[in-house]
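Coordinate inspection notes
The residues making up each chain are set out below.
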Amino acid sequence: MTLGRFLIFFVLGLVIAWVAQWTWLYWILALAAAWVIYRLIRR
């Protein structure tokens, strides 16, 4: 998955979590973002 595609899914996930009030989705998005940042730093 490219960084651009990840950002699109990340923003969509944030919107869905905000509209549906799903707090558990914020944790999943935070873990995914942390993993991507980790992979970018290690590169």
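Read on for a plain summary of the structure. It should be emphasised that the depicted structure is a prediction, and the values quoted were computed from it without experimental measurement.

1. Quick look at the overall build of the protein
In terms of regular secondary structure, the protein is built from two helices and zero strands. Looking at the protein as a whole, 16% of its 43 residues are labelled buried. Split by element, the accessible area of the protein, about 3,900 Å² in all, is 75% carbon and sulfur.

2. Quick notes on helix α1 (residues 3-20)
Helix length check: α1 (18 residues) gives 25 Å between terminal C-alpha atoms against 26 Å at 1.5 Å per residue, within 8%. All of the buried residues along α1 are Phe6, Gly13 and Ala17. Buried residues along α1 cover an arc of 30° about the axis, so they all sit on one side. Turned more than 90 degrees from where α1 packs its buried face, Ile8, Trp18 and Val19 sit exposed. Buried residues in α1 make contact with α2 (23-42). Within two residues after α1, Gln21 carries a phi angle of roughly 60°, on the positive side.

The rules behind the values
Residues numbered from 1 in each chain as written. Predicted model: local features only at pLDDT ≥ 70, side-chain atom pairs only at ≥ 80, totals over all residues. Heavy atoms only, no water. Helix = DSSP H or I, 4+ residues; strand = E, 2+ residues; numbered from the N terminus. Buried < 20%, exposed > 50% of the residue type's maximum accessible area, 1.4 Å probe, protein only. Areas by Shrake-Rupley, 256 points an atom, 1.4 Å probe, with all protein chains shown as cover. Expected span 1.5 Å × (residues − 1). Arc of directions from axis to C-beta. Contact = heavy atoms within 4.5 Å.

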